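Overview (structure and organization)
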Amino acid sequence: MDFFTPIVDDPHTFGEISAANSLSDVYAMGGEPKTALNIVCFPSKELDAWVLAEILRGGVEKATEAGVVVVGGHTVDDPELKYGMAVTGVVDPRRIVRNLGAQPGDRLVLTKPLGTGILSTALKRGSLGADAYDAAVAAMTMLNRAAMQAMLRGDVHAATDVTGFGLLGHAHEMARGSGVTLEIDALNLPLLPELERHVLAGHLTGGCKRNRAYLDDKVRVAGSVSPTLREAAYDPQTSGGLLIAVAAKDAERLLDDLASLGVSDARGIGRARRRGAHWVELG
């Protein structure tokens, strides 16, 4: 189950984003989501009913795209609007992909560009350009279904969806659970448009600062890494991509498969090695 407050103004788009985000945990494990329940907190005295109808329509349309049936839900009257889904899926027990199991020598692949938290903050402050907004929405509404299908074709040892803990936070979870160090090449990180401008303008989220504080003694960031790439790596993501640890022999094929399935922003971003002084190194 996952739900959150709106990060865009359009209710239909918010519904799509939240539904896509809710489905991602199942995809990250190599599963297929099958059914969903709507979870709604709605301020009925402040917002018109059409707003709720549009949110639910966006969620159902995204679920339908995923082949998921929305079988019901629950709504409570709440001062702050929130929406998401509780999702049930199925997975072959012989092919479950967990967020641990990465092995030294594995290559790391990230399937979506980073920066949704920073751009969402810029949107709230009225400084986000139309093209950057469209790119962020396209990334957040994109299902991780194709990424899941591609990763199951190869020798994948671990995967996780990148969400609120940011790339470095979720990489830390994978590294610690696997007993390895993950080396991430900052220059290979895929980024959303306008990110540098908004980082330099200070459009950072509170979550980004909390991620940095929590990871302070667990992650090493080289001094050569630019502020934009550093903040992108800490930035909390909404409906982010999959971080996949794949055997080196299958890394290029995975990237080719992702591209052929329309996951055009996927990049190889690093490797796993034997445990070092830090769980994750960004250089």
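Summarised in this report is the structure supplied together with it. Note that this is a predicted model, so its numbers are computed, not measured.

1. Description of the side chain of Asp235
For Asp235, the location among the structural elements is in the loop between helix H9 (227–234) and strand S9 (242–246). No salt bridge is formed by the buried Asp235; the nearest opposite charge belongs to Arg212, separated by 8.7 Å. Reaching out from Asp235, the side chain makes a polar contact with the backbone nitrogen of Gly117 at a distance of 2.9 Å. When residues no more than four places from it in sequence are discounted, the contact partners of Asp235 are Gly115, Thr116, Gly117, Ile118, Gly166, Leu167, Thr205 and Cys208.

2. Describing a nonpolar patch on the surface
A cluster of nonpolar side chains, contributed by Met29, Val91 and Ile96, occupies part of the molecular surface with about 230 Å² of accessible area. Residue placement: Val91 occurs in the loop between strand S4 (82–90) and strand S5 (107–110). Overall, the relative accessible area of 34% leaves Val91 in the partly exposed class.

3. A look at the side chain of Thr141
With respect to the element layout, Thr141 can be found in helix H4 (residues 130–141). If we ignore the near neighbours within four places in the chain, the residues touching Thr141 are Glu16, Ile17, Ala20 and Lys62.

4. A word on the packing of helix H6 (residues 166–178) against helix H8 (residues 206–215)
Following both chains from N to C, one finds H6 and H8 inclined at 35 degrees, their axes separated by 9 Å at the closest point. As for the relative orientation of H6 and H8, their crossing is left-handed in sense. Facing Gly166, Leu168, Gly169 and His172 of H6, the residues of H8 in contact are Asn211, Tyr214 and Leu215. Its residues assigned to classes, the contact of H6 with H8 shows three nonpolar, four polar and no charged.

Thresholds, definitions, all that
- Residues numbered from 1 in each chain as written.
- Predicted model: local features only at pLDDT ≥ 70, side-chain atom pairs only at ≥ 80, totals over all residues.
- Heavy atoms only, no water.
- Helix = DSSP H or I, 4+ residues; strand = E, 2+ residues; numbered from the N terminus.
- Buried < 20%, exposed > 50% of the residue type's maximum accessible area, 1.4 Å probe, protein only.
- Lys, Arg positive; Asp, Glu negative; His and termini not counted.
- Salt bridge = Lys/Arg side-chain N within 4 Å of Asp/Glu carboxyl O.
- Polar contact = N/O pair within 3.5 Å; in protein donor to acceptor, adjacent residues only side chain to side chain.
- Contact = heavy atoms within 4.5 Å.
- Patch = residues over 30% accessible without salt bridge, like charges linked within 9 Å, V, L, I, M, F, W, Y side chains within 5 Å.
- Areas by Shrake-Rupley, 256 points an atom, 1.4 Å probe, with all protein chains shown as cover.
- Axes fitted to C-alpha atoms, helices over the stretch in contact; angles between N-to-C directions.
- Left-handed = near helix turned anticlockwise from the far one by under 90°.
- Nonpolar A, V, L, I, M, F, W, Y, C, P; charged D, E, K, R; others polar.

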